[in-house]
Structures are given as C-alpha cells and as structure tokens.
Amino acid sequence: MSQDFRQHLRQRPRRTRQSAALRGLVRETSLSPSDLIWPIFVRDGAGMEEPVTSMPGVARLSVDRAVLAARQAADLGIPAICLFPYTDPALKTEACEEAWNPDNLSNRAIRAIKQAVPDIAVMTDIALDPYNANGHDGIVRDGVIVNDETVAALVRMALAQADAGADILGPSDMMDGRIGAIRDALEAAHHHDVTIMSYSAKYASAFYGPFRDAVGASGALKGDKKTYQMDPANAEEALRMIARDLEEGADMVMVKPGMPYLDIVHRVKEAFGVPTYAYQVSGEYAMLTGAAAQGWLDHDKVMIESLMAFKRAGADGILTYFAVEAAKLLRG
Ligand code: PBG
C-alpha cells in the first residue's frame, strides 16, 4: 500500500522547494528597494537626531540631517521619502495656520531635500494634526470636526507643499471631498504634475500610537478619530472610498494600517488595478522591533517577511520605517 502510494505520488511540490536555485525559479513575488517609501520625522534645529522612544531605531531629524537621510535613501535605490513634522507646541492653534505657512518645518525640509537630492521623490502628509491645538486632523468647532472648513485649510496646505516642490501629496485626513478640492486647486495653480497618493482606506486604528508620540500629537489629542477614520470592521466601504478618491483625481491609493489589513490591500488591487500602497505603521514597527529587541523575533527575517507579504497581497509599494535597513539587506 505505502509502496503504491510512493509510486503514484506524481506531484511532489517539495521538488521545487529543494534548493535556493529552484525556490528562486518559482518565486511569485519580488521585493526590492524600489518598492519602499521611507517615512521620516523632522524637527527644528541643526545636527539633531532625537530618538523616538516607542520606535527603536527611529529618530526625529533636523532638516540638515533629513537631507543626509534622503541622500542615503536615494543611494540605496529607495524612490521616495515621506516627511512628518514634529511641530513646536507653541505653534499649534485652533485654526492650524502653521499648516500652510510656506516656511513651516515641513516646507523647509521639502525645499532643502529637493535642492540637495533632486532624484528622490518627496512625499508629504496633508492633515492638520501636527498643527492643531486639539490634535485632530481637522478643525474642531464645539467638539465637532468640521469637514468643509477643514478641506479649505487642507487645500492651502497642499498648495504650500506643492510650491515648496513636493512630488507626492499624501492627504491622510479622511475629510470628504478633499481629493477633488486639492486636485482642482493644483490644476488651477498650474501644478499639473504634482501627484496625489490618497490615504483612501485609513482606519481608526490603535496601531498609530507610537507615531503620535513621534510627532508630538498624543498629548494634544482629545477623544478619538472615529468620526473621520474608518471602522476596522468595514471592507466594502474601503472599496467605495478608493473609487471615490480615484474619481476625484488621486493618482495612487493607500491602505493603512498594513499587516492587519492585507485583505483590503488585496481587494483594492484586484478591484481597481491602480497603483496601490500599504502603510506599515508605527505600531507594527514597534511590535516587530520591540519583540526583536527582547530576542523573541529575528529582526531581519520578520522585517523582510512582513514587507514581502505586502507585495504578495498586491501592494505596489510599502511605506515603512524599515526602508533603509530593508534596502541595505536586499542589496546584500
Ligand atoms: C496623521 C497621520 C497619522 C499617521 C500618518 N498620518 C496618525 C493618525 O492618523 O493619527 C500614522 C502613521 C503611523 O502610525 O506610522 N494624519
């Protein structure tokens, strides 16, 4: 019986797993530095690298250091860097005016990087939280995050970033109508070639905690973001948000967080076939690096495995705090 079984076992999938060479031949997914977007935190000052406690290995960089970081990323083949400002609490107001100051930290960083490292694409964040006394992504009136007034502010913010030379605008605020409003304003201002990567399916997630520490928004935030970010229970709604943002003029779409939402990444890519990105967020990074620091996980292996999983699910690229480490490893 067992003899017969062996004779008739025509399919042995292990044949193509037996060596690195065979495994390489049948590999369905590839991961390279060109798939990565590196989010960095910028702060005031010069020569500064201030570690973010809840994100081991990540620091807030002064603009001069951010320029060096951009050079390093470009040299490693990373196509884009994404800037998040740590704003002086004294500059945070109810109306969030600092958000569209042409000389705010973020806009100064865009200019400095584009001047020194023109070959890297600079992506920005469009949302009011770094500038808001309330810590919310939108303007707050009597406890309500007001939509249309926020969109008007986001448009000003977007134009200031485009004027500073940003290549990719990243609206992460989840207000209604912001993509169309920003796109119309860009066209009217002759910024025809500025791209928009919309945070279309952005969930109200607890995985953003370390990020809010990094940008100094944790202290300011009152309440939660559930009236604008999506319910983690919803998938059909994500598809509607993607359709809407494409209709309104987004060039690329994003799903966020990443690893707990790979089903969404997959469905989005299948349904729309458009450039689709996933954000491996701060809490995911903290989980992996925290466990690795304890010796409970192999840092490099979980890093690469997690990034490969995004590609396998259908992502065209990944925003990840591991970008530089991963690119170094991938270049071997
Ligand atoms: C803010 C913004 C957040 C992130 C990117 N842009 C946090 C939030 O929505 O509260 C999260 C990124 C991360 O956790 O790594 N608009």
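In case you missed it, the structure is sitting above this.
These lines cover the structure that appears in this document, whether it is placed above or below. (Residues numbered from 1 in each chain as written. Predicted model: local features only at pLDDT ≥ 70, side-chain atom pairs only at ≥ 80, totals over all residues. Heavy atoms only, no water.)

1. Quick notes on the overall build of the protein chain
Selection criterion: Secondary structure follows DSSP: runs of H or I at least 4 residues long count as helices, runs of E at least 2 residues long count as strands, and numbering of each begins at the N terminus. All radius of gyration figures rest on C-alpha atoms, and the globule criterion is 2.2 Å times the number of residues raised to 0.38. Accessibility here uses a 1.4 Å probe with only protein chains present; expressed as a share of the type maximum, an area under 20% marks a residue as buried, one over 50% as exposed, and anything in between as partly exposed. Residue contacts follow a heavy-atom distance rule, with two residues in contact if any of their heavy atoms lie within 4.5 Å. In these tables, accessible area is a Shrake-Rupley quantity obtained with a 1.4 Å probe, and a residue counts as shielded only by the protein chains included in the view.
Across its full length, the protein chain holds 12 helices and 12 strands. The globule rule puts the C-alpha radius of gyration for 332 residues at 20 Å, and the 21 Å found for the protein chain is close to it. The buried share of the protein chain, reckoned over its 332 residues, is 54%. Put simply, 75% of the contacts in the protein chain that link residues at least 6 apart link residues at least 24 apart. Looking at the protein chain as shown, the accessible area adds up to about 14900 Å², and 53% of this sits on carbon and sulfur atoms.

2. Focus: the packing of helix α10 (residues 282-293) against helix α11 (residues 299-313)
For clarity, the cut-off: To define axes, lines are fitted to C-alpha atoms, for helices over the stretch in contact only, and angles between the resulting N-to-C directions are given on a 0 to 180 degree scale. In these notes the angle categories are as follows: under 35 degrees is roughly parallel, over 145 is roughly antiparallel, 65 to 115 is roughly perpendicular, and the rest is oblique. By definition, turning the near helix anticlockwise from the far helix through less than a right angle yields a left-handed crossing, and turning it clockwise yields a right-handed one.
The contact between α10 and α11 brings their axes to 9 Å, and the two run at 155°. By the angle between their axes, α10 is roughly antiparallel relative to α11. The crossing of α10 and α11 is right-handed. Residues E284, L288, T289 and A292 of α10 pack against H299, V302, S306 and F310 of α11.

3. Considering the pairing of strand β1 (residues 36-43)
Note the cut-off: Note on pairing: two strands pair once DSSP finds at least 2 bridges between them.
Across the eight residues that make up β1, a large majority, eight, are buried. Residues of β1 alternate between two faces, with L36, W38, I40 and V42 on one and I37, P39, F41 and R43 on the opposite face, all of them buried. In terms of strand pairing, β1 meets strand β12 (residues 317-320) through two bridges, oriented parallel. Of the residues in β12, the one forming a bridge with I37 is L319. Where β1 lies against strand β4 (residues 80-85), six bridges are found, and the strand directions are parallel. Directly across from F41, in β4, lies its bridge partner F84. Relative to strand β3 (residues 59-62), β1 is paired through three bridges, and the arrangement is parallel. Paired with F41 across the bridge in β3 is R60.

4. Let's talk about the layout of surface pockets
To keep things clear, this is the line we draw: In this analysis a 1.4 Å probe is tested at points of a 1 Å grid over the protein atoms alone, and where it fits but cannot get out there is a cavity; an open set with protein on both sides within 12 Å along at least five of seven lines is a pocket; lining residues have an atom within 4 Å of a point. Grid points are joined across faces, edges and corners, and a volume is the space filled by probe spheres set on the points. Think of it as three bins: nonpolar holds Ala, Val, Leu, Ile, Met, Phe, Trp, Tyr, Cys and Pro, charged holds Asp, Glu, Lys and Arg, and polar takes everything else, Gly as well.
Approximately 360 Å³ is the volume attributed to the largest pocket. Lining the largest pocket are 19 residues, and of these W38, G57, V58, A59 and L61 lie nearest its centre. Breaking the lining of the largest pocket down by element, the ones donating at least two residues are β1, β3, α3 (63-75) and α12 (323-331). Broken down by class, the residue content of the lining of the largest pocket amounts to 13 nonpolar, three polar and three charged.

5. Focus: the packing of aromatic side chains
Aromatic ring pairs are described here by two measures, namely the spacing of the ring centres and the angle between the planes. Counted only if it meets this: Paired rings are identified among Phe, Tyr and Trp, the last through its six-membered ring, by centres lying within 6.5 Å, and are further divided according to the angle between planes into stacked (under 30 degrees), edge-to-face (over 60) and tilted (the rest).
Tallied over the entire structure, the rule returns 10 aromatic pairs. Between F84 and Y279, the aromatic rings sit 6.5 Å apart at their centres with planes inclined by 45°, giving tilted as the arrangement. On the criterion of sequence distance, the pair formed by F84 in strand β4 and Y279 in strand β11 (residues 276-280) is long-range, its members being 195 residues apart. In this pair, the class of F84 matches that of Y279, namely buried.

6. Examining the site of the ligand
Rules: Here a residue counts as near a molecule or strand whenever at least one of its heavy atoms sits within 4 Å of it. In the analysis that follows, any N or O atom pair within 3.5 Å is treated as a polar contact, provided that within protein one partner can donate a hydrogen and the other can accept it, and provided that, for residues neighboring in sequence, both atoms belong to side chains.
As a structural note, the neighbourhood of the ligand is formed by 18 residues, with K202, R212, K256, S282 and Y321 the closest of them. Measuring from an oxygen atom of the ligand, one finds a side-chain N or O atom of K225 at 2.7 Å. At 2.9 Å, a side-chain N or O of Q229 approaches an oxygen atom of the ligand. The protein chains hide 100% of the 400 Å² of surface that the ligand would expose on its own.

Geometric values such as these leave the question of function open.
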